[in-house]
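Overview (structure and organization)
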Amino acid sequence: MSKPSLIRYAILLALIALWFLVTAMEWVKPIQLPPPAGLWAAWQADGSRFLDAFALTAAEIAVAILIAWPLGIGVGAVFGSLRAVSAVASAILGSLFAVPAIILYPLFIAWVGMGPESKVLFGVIAGFFPIALNTLSGVRQVDESYVTMARAMGASRLQVFYRVVLRLALPSVISGLRIGTALIMISVVVSEMLASFGGLGYMIAYHRTMFDTGHVYLGILMALLTVLTVNWLLSMLESHFSKWQERGADL
Amino acid sequence: MSSEVIRVENLSKVYSTREGDFHALDKLSFAIEEGGFVSIVGPSGCGKSTLLQLLTGLLEPTSGQVLIDGIEVRKPLPEKTGVMFQDATLLPWLTAEENVAFPLSLCGTDKKESQRRARDLLKLVGLGDFINHRPAELSGGMRQRVAIARGLVRDPRILLMDEPFAALDEQTRFKMGEELLWIWQETRKTILFITHGLTEAIYLSDTVLVMGTKPGRIIEVIPVDLPRPRTFEMISSEFFGKARNRIWKLIQEEAEA
Ligand SMILES: Nc1ncnc2c1ncn2[C@@H]1O[C@H](COP(=O)(O)OP(=O)(O)OP(=O)(O)O)[C@@H](O)[C@H]1O
Ligand SMILES: [Mg+2]
């Protein structure tokens, strides 16, 4: 095990120990922070409902990712390679990105209802802009000499794009995916908290009104684990594609 | 028997810019024989790179034409012309071998065959021990060698080079020149070499074309009657000095005009 990950696990263990300590000594009220046993009780009482909620949230996030990633990369790539319009497109996308999507959420509910569709829609809109913006700027920054060279070597337009431009823009695309995916996850959970009939966000919000603090924390913990898992998968993707960047020194 | 592989006829290029039309090249005509080594020198901005792009088929002429093997060039012809620029523009995520094989992968050549060709060429340019290195792990000179190998991978008869060694230090540059001559002799390619280095141009070439500016055109053709193989001592010969001074003067006059 590497040193940084050792430190990370040590910190995690320390926090858990602190949690046991703080709750056992009743330094905080159980309604603010339940003891670990409170979470266990919640899991025993409503475990299967939590699993259903998790499955729904995970599915909403997955569908939103499956739509937002290709859409964002596609739009960004197209506008990034059209030199004549890319600056304008970037400005427009940038200002739309600055609009907090949450103010439109009531409209989404009116259009597609309170079910999972509105969560997916909300997630897609939140995730789309940073992905498109990063892809656009990554593609725009690709050195023209690579394009010239590829064409001289006989690459078709499509080959220039897929095999050279998009690949060179990849670090930027991936950072867009990281931001966009984080926003998708936040948006899905928050929108479940605002108005819905299911999902981890719904469980957290519902039990909060019931003052079931154990349930609330269980929901938060599961949402946290979901986010961490997805982030871990993304960092695997990132390191897979950036291996060649880091090897400069070992000649 | 020698024959023309490159023929440029009344070639003109006009760029339309916001300030109006810009005559980058005006009615250029010349021909290069098979197996020749021709350099082009001229003041900055005289249209050397424009000419090379027209020869490559990356740009369309405004009038006139470029013929390669008697056929008009309308788009890049990688099977006939290999190119190389000042920047090696190697793809950073590919190894030296994969970079050299890249043009083959674009036209769907068998993988084993591509690999074999790429390795042979890397050996030819002296990088046989570096086939699995990525560009970031190679020096500037080594990267240009990979680029030479990539330019040769489709076995074109012509190699077009735009200031390929300009970014290298003087010693590396001289060594690369020597190596290029050796490769040229081994492979019998026809080479068109653009440079700002007058010594380099004379040392390497059979013929030096001197270009003038505004508009870009050829103002003098200087044959280099020095025996091959060229040696370092020739650089201090009387002929070499005269040729160098002549070109220098021509370019000075053009730059001041
Ligand atoms: N796409 C373009 N649009 C308008 N003008 C251009 C374009 N490309 C080149 N030019 C102009 O054409 C002229 C010739 O450019 P070119 O790059 O061919 O010169 P060069 O001889 O290669 O110069 P250098 O020695 O500095 O590399 C320059 O004045 C340049 O400004
Ligand atoms: Mg140039």
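Everything below is about the structure shown above.
Residues numbered from 1 in each chain as written. Chains lettered and ligands numbered in written order. Predicted model: local features only at pLDDT ≥ 70, side-chain atom pairs only at ≥ 80, totals over all residues. Heavy atoms only, no water.

Another point: empty space enclosed by the protein. Space left empty within the atom packing is revealed by a probe, the size of a water molecule, rolled over the atoms. Throughout the structure, instances matching the rule amount to two cavities of 30 Å³ or more. Estimated volume of the largest cavity: approximately 90 Å³. In terms of lining, the largest cavity is formed by Ala-152 and Met-153 of chain A together with Pro-78, Thr-81, Gly-82, Val-83, Pro-103, Arg-150, Gly-151, Val-153, Arg-154 and Pro-156 of chain B. Residue assignment for the lining of the largest cavity shows that the elements contributing at least two residues are strand E6 (81-84) and helix H4 (140-152) of chain B. Here the lining of the largest cavity takes three residues from E6 of chain B, the largest share from any one element. Looking at the lining of the largest cavity residue by residue, the classes come out as seven nonpolar, three polar and two charged. As for the second largest cavity, its lining consists of Tyr-146, Met-149, Ala-150, Met-153 and Val-164 of chain A together with Thr-89, Leu-91, Phe-102 and Arg-150 of chain B. With three residues, the top contributor of residues to the lining of the second largest cavity is helix H6 (residues 144-152) of chain A. Among the residues making up the lining of the second largest cavity, the classes are represented as seven nonpolar, one polar and one charged. (1 Å grid on protein atoms, 1.4 Å probe; cavity = no way out; pocket = protein on both sides within 12 Å on 5 of 7 lines; lining within 4 Å. Points joined across faces, edges and corners; volume = space filled by probe spheres on them. Helix = DSSP H or I, 4+ residues; strand = E, 2+ residues; numbered from the N terminus. Nonpolar A, V, L, I, M, F, W, Y, C, P; charged D, E, K, R; others polar.)

Residue and element names in this part refer to chain A. Structurally, Thr-226 is set in helix H10 (residues 213-246). Overall, Thr-226 belongs to the buried group, its relative accessible area being 11%. Reaching out from Thr-226, the side chain makes a polar contact with the backbone oxygen of Met-222 at a distance of 2.7 Å. Those residues in contact with Thr-226, other than ones at most four positions away along the chain, are Phe-54, Ile-61 and Leu-200. (Buried < 20%, exposed > 50% of the residue type's maximum accessible area, 1.4 Å probe, protein only. Polar contact = N/O pair within 3.5 Å; in protein donor to acceptor, adjacent residues only side chain to side chain. Contact = heavy atoms within 4.5 Å.)

Right, let's get into the packing of helix H3 (residues 111-124) of chain B against H4 of chain B. How two helices sit against one another is set out by the angle between their axes and by the gap between those axes. All names here are of chain B. Axis separation between H3 and H4 bottoms out at 9 Å; the angle between their running directions is 135°. Compared by their axis directions, H3 and H4 come out oblique. Taken as a pair, H3 and H4 cross one another with a handedness that is right-handed. Where H3 approaches H4, its residues Arg-117, Leu-121, Leu-122 and Leu-124 are matched on the opposing element by Val-146, Ala-149 and Leu-152. (Axes fitted to C-alpha atoms, helices over the stretch in contact; angles between N-to-C directions. Parallel < 35°, antiparallel > 145°, perpendicular 65-115°, else oblique. Left-handed = near helix turned anticlockwise from the far one by under 90°.)

All names here are of chain B. Taking strand neighbours across the sheet as the criterion, the four strands line up as E2-E1-E4-E5 in an open arrangement whose pairing is antiparallel. What marks the edges here is a single partner per strand, and that holds for strand E2 (20-33) and strand E5 (71-72). Of the pairings in the sheet, the one linking strand E1 (residues 4-17) to E2 comprises ten bridges and is antiparallel in character. In the strand pairing of E2, Val-8 is matched with Phe-30. Packing against the sheet, helix H1 (residues 48-56) makes contact with E1, E2 and strand E4 (63-68), and its axis sits at approximately 120° to E1. (Pairing = 2+ DSSP bridges.)

Attention shifts here to the interface of chain B and chain A. Size of an interface, as often reported, equals the accessible area lost when the parts are brought together. Opposite the 26 residues of chain B that make contact, chain A presents 21 residues. When the two sides are added together, the surface that chain B and chain A hide from each other amounts to roughly 2200 Å², 67% of it contributed by carbon and sulfur. Three residues stand out in chain B for area buried against chain A, namely Trp-93, Leu-106 and Glu-137 of chain B, and they jointly supply 31% of the buried area on that side. Seen at the junction of chain B and chain A, the total is zero salt bridges. (Buried area = accessible area lost by both parts, 1.4 Å probe. Salt bridge = Lys/Arg side-chain N within 4 Å of Asp/Glu carboxyl O.)

Quick look at the layout of surface pockets now. Residues and elements named next belong to chain A. Reported here for the largest pocket is a volume of approximately 670 Å³. Lining the largest pocket are 21 residues; nearest its centre among them are Ser-81, Val-147, Arg-151, Arg-157 and Val-160. Contributing elements (two or more residues each) for the lining of the largest pocket: helix H2 (36-81), H6 and helix H7 (157-168). Here the lining of the largest pocket gets five residues from one element, more than from any other, and that element is H7. For the lining of the largest pocket, a count of residues per class yields twelve nonpolar, five polar and four charged.

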